[in-house]
Amino acid sequence: MNITYLVGTILAIGVMIFGMISKTVSGSVQILPGQILNFFDASSIMIVVGCTLAVVVASFPIKMIKSMPRHFKIMLNIKKFNPMYYIDQLVELAQVARKNGLLALEEKANQQEDPFFRQAIMLIVDANDADKIRAILNNDIECMSNRHDSVASMYEKASAVAPAFGMVGTLVGLINMLKNMNMSGGSNTIGADMGTALITTLYGTILAHMIFSPIASNLRSRDEEEVLCKMIIVEGIMSIQSGQNPKTLREKLLTFVDQEQRGGESESKGGKKGKPKKKKGK
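All of the points below concern the structure found in this document. Treat the numbers as computed from the prediction; the structure is a model and nothing was measured. (Residues numbered from 1 in each chain as written. Predicted model: local features only at pLDDT ≥ 70, side-chain atom pairs only at ≥ 80, totals over all residues. Heavy atoms only, no water.)

What follows covers the pattern of salt bridges. Working definition: two side chains of opposite charge can pair if their charged atoms are close together. The full count for this structure, using the stated rule, is eight salt bridges. Of the charged contacts in the structure, one is a salt bridge between arginine 250 and aspartate 88, with a shortest N-O distance of 3.1 Å. Pair noted here: arginine 250 is in helix H10 (residues 246–253) and aspartate 88 is in helix H5 (residues 83–100), with a separation of 162 residues, a long-range link. Here lysine 230 makes a salt bridge to glutamate 226, at a shortest N to O gap of 3.6 Å. In this pair, lysine 230 and glutamate 226 both sit in helix H9 (residues 190–241), four residues apart, roughly one turn of the helix. Residue lysine 230 is classed as buried on the basis of its relative accessible area, which comes to 8%. Salt bridges here are not isolated pairs; linked through shared partners, they connect Arg134, Glu235 and Lys252. (Salt bridge = Lys/Arg side-chain N within 4 Å of Asp/Glu carboxyl O. Helix = DSSP H or I, 4+ residues; strand = E, 2+ residues; numbered from the N terminus. Buried < 20%, exposed > 50% of the residue type's maximum accessible area, 1.4 Å probe, protein only.)

On to the side chain of serine 22, then. Turning to its location among the elements, serine 22 is positioned in strand S1 (residues 22–25). At 2.8 Å, the side chain of serine 22 and the backbone oxygen of phenylalanine 18 are in polar contact. Dropping the residues within four chain positions of it, serine 22 is found in contact with Val29, Gln30, Ile31 and Gln35. (Polar contact = N/O pair within 3.5 Å; in protein donor to acceptor, adjacent residues only side chain to side chain. Contact = heavy atoms within 4.5 Å.)

Listed below in structure tokens is the structure:
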């Protein structure tokens, strides 16, 4: 679970609401829950939220729009792509290939849930040319990354459009205020119109920087993680095909991850070091 996203979003919303309902009087802070209604305006919601979603729908294919629930699932799952898992798997495959040959990897390939990993293994089992295998796998990674970029761009588009419609709502409110202004001093709707003008800007900012922008950033992070894992697979598969030593392969693949992960991996492999036993005297 992507705890940082959830904590950050909830904290931002909580701090904003606290600022809306709090008021400083004579140096002391007073909480006025009723003030929250001052920040609700149906016209502003329709202008900002409605128009932003409409522009996104108009700008991207319906297939991508329907996949939005899946995007949230991917964004919240930070443990799906673990480089150390793939490194361990590749080292195990290298050991099997070294003992029994590349054909013995077919059974291992059928056990893989990751279709990219399974395809990569089968490509060397079928004795394809090394350059051909690398070209196929790299093209797969590039196309996947392009698809992910399109998805992140959808949320970035929404993040860019929301403040713009916030300004549109501001203009609508100001225009209505000027149209309804009563110069003779009678009753008018200046307060309501000015409220709409300002609240739409608030809604646009909230949608852009608290909703859509974090989603786009997290989706790009998931893409980087998946690309890294697939690059490890490509390098590992090519090394297995060339008959590289499993130990050398592990050291080579560990260069893809940071030192902290390498340290954790070596500790988990070797276990905790106990204190050396004292030798008994003669």
